Amino acid sequence: MAYTAVIDALGVDMVYAMVQGLRARYSTPIYLHLDHCDDIEVCMQAVDAGFDSVMYDGSALSLEANIEGSKKVADYAHAKGVLVEVEIGKIRGRGFDENEDYLAAVNDVVELANQSGADLVAVGVGTAHGFYEGEPEISFDRLSEIYDATDSPLVLHGGTGISAEDIQRSTTMGITKINVGTAIHTSYMQTLGREIQADGMNAYPPITMQRVLPEIEKEVEKYLNTVQA
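Residues numbered from 1 in each chain as written. Predicted model: local features only at pLDDT ≥ 70, side-chain atom pairs only at ≥ 80, totals over all residues. Heavy atoms only, no water.

Take the pairing of strand β7 (residues 175-178) next. Both strand β6 (residues 154-156) and β7 contribute to a ladder of 3 bridges, which runs parallel. The residue bridging Val 155 from the neighbouring strand is Lys 177, located in β7. (Pairing = 2+ DSSP bridges. Helix = DSSP H or I, 4+ residues; strand = E, 2+ residues; numbered from the N terminus.)

Turning to helix α5 (residues 106-116), its buried residues number three or more, namely Val 106, Val 109, Leu 112, Ala 113 and Ser 116. Here the buried residues of α5 occupy an arc of 135° about the axis, which is enough to place them on one side. Turned more than 90 degrees from where α5 packs its buried face, Asn 107 and Asn 114 sit exposed. Buried residues in α5 make contact with α4 (63-78), β4 (83-88), β5 (120-123) and α6 (140-149). Backbone geometry just after α5 places Gly 117 at a positive phi near 75°. (Buried < 20%, exposed > 50% of the residue type's maximum accessible area, 1.4 Å probe, protein only. Arc of directions from axis to C-beta. Contact = heavy atoms within 4.5 Å.)

Geometrically, a packed helix pair is captured by the angle between its two axes and the distance between the axes. It is at 10 Å that the axes of helix α3 (residues 40-49) and α4 come closest, and there the two elements cross at 15°. What the angle tells us is that α3 and α4 run roughly parallel. Where α3 crosses over α4, the two elements pack in a sense that is right-handed. For the pair formed by α3 and α4, the contact residues are Ile 40, Cys 43, Met 44, Val 47 and Asp 48 on the first element and Gly 69, Lys 72, Val 73, Tyr 76 and Ala 77 on the second. Partitioning the contact of α3 with α4 into residue classes produces 7 nonpolar, 1 polar and 2 charged. (Axes fitted to C-alpha atoms, helices over the stretch in contact; angles between N-to-C directions. Parallel < 35°, antiparallel > 145°, perpendicular 65-115°, else oblique. Left-handed = near helix turned anticlockwise from the far one by under 90°. Nonpolar A, V, L, I, M, F, W, Y, C, P; charged D, E, K, R; others polar.)

All right, on to the packing of helix α8 (residues 181-199) against helix α9 (residues 205-228) then. Running from N to C, α8 and α9 cross one another at 155°; their axes reach a closest spacing of 9 Å. Overall, the two elements α8 and α9 adopt an arrangement that is roughly antiparallel. For α8 against α9, the interelement crossing comes out right-handed. Here α8 contributes Ala 183, Ile 184, Ser 187, Tyr 188, Thr 191, Leu 192, Glu 195, Ile 196 and Asp 199 to the contact with α9, which in turn contributes Thr 208, Met 209, Arg 211, Val 212, Glu 215, Ile 216, Glu 219, Val 220 and Tyr 223. In terms of residue class, the contact of α8 with α9 is built from 10 nonpolar, 3 polar and 5 charged.

So, about the confidence of the model for the protein chain. Per-residue confidence for the protein chain gives a mean pLDDT of 91, with 91% of residues at or over 70. In the model, residues 93-97 has pLDDT below 50 throughout and makes 7 contacts with residues more than four positions away in sequence or in other chains. (pLDDT = per-residue confidence, 0-100.)

Here we come to the side chain of Ser 170. As for its position among the elements, Ser 170 is in helix α7 (residues 164-170). You can call Ser 170 buried: its relative accessible area is 1%. When neighbours within four sequence positions are excluded, Ser 170 is seen to be in contact with Phe 140, Leu 143, Leu 156, Ile 175 and Ile 178.

Attention shifts here to a nonpolar patch on the surface. Taken together, Val 6, Leu 10, Met 14 and Met 18 make up a surface patch of nonpolar side chains, about 350 Å² in accessible area. Of all the elements in the fold, those that place two or more residues in the nonpolar patch are α1 (4-10) and α2 (12-25). Take Leu 10: it is sitting in helix α1. Looking at Leu 10, the relative accessible area reads 44%, which means it is partly exposed. (Patch = residues over 30% accessible without salt bridge, like charges linked within 9 Å, V, L, I, M, F, W, Y side chains within 5 Å. Areas by Shrake-Rupley, 256 points an atom, 1.4 Å probe, with all protein chains shown as cover. Salt bridge = Lys/Arg side-chain N within 4 Å of Asp/Glu carboxyl O.)

Below, the discussion takes up unusual backbone geometry. A positive phi angle, close to 45°, is found at His 36, a residue other than glycine. Relative to the elements of secondary structure, His 36 occurs in strand β2 (residues 33-37). We classify His 36 as buried; its relative accessible area is 16%.

Bringing the pairing of β4 into the picture now. Most of β4 sits out of view: 5 of its 6 residues are buried. Here strand β3 (residues 53-56) pairs with β4 via 4 bridges, running parallel. Bridge assignment links Met 55 to a residue of β4, and that residue is Glu 85. In this fold, β3 hands off to α4, which returns the chain to β4; that crossover is right-handed. Pairing between β4 and β5: 4 bridges, direction parallel. (Right-handed = clockwise from strand over helix to strand, strands pointing away.)

Structure (structure tokens):
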């Protein structure tokens, strides 16, 4: 999964080349996804570069503008065999106004899914980006209503910190993809920081990363085991 900040720093071609190197090394299937991109042109660049899926995020726009942008990306991507994820509702955190109405309206989800032709729909049901302050408050009532109203596979963003029970419950209500980027990159950064501090001036990237990677793997395996339980 490549965030738009990564694309801005490295470019779509560099990110694609890095993933191709990993694919050549490992037998496990690796899918390259552009996450939370609100720029139609960048989505199209990722499609042209060889990404497997792209997420066009028009959730900050009006429903009509969101549908228009989502359809444009979906039409372009589908012509080249690339999957498209779109979003409706608000994912809390990162400057989110707590006074906003953040739950995705059922009718809006249906309209976005049907009129855009996107493959997956990320829905705002109370989750938040980053770490939670207190217990996550997922609106399973709203998620259930959305699940009953559409056949589109649903996506849950802000998976970091959600209990295993709630993750498993969400998968019974149409959630087919769960994002947990914060947990993974935090594991990486925190472990790397500790190891560099422990090594001091003797820190050497190839050696240090041998101790960091196992911690990242543990974090990923935890969520995989949760979903598969």
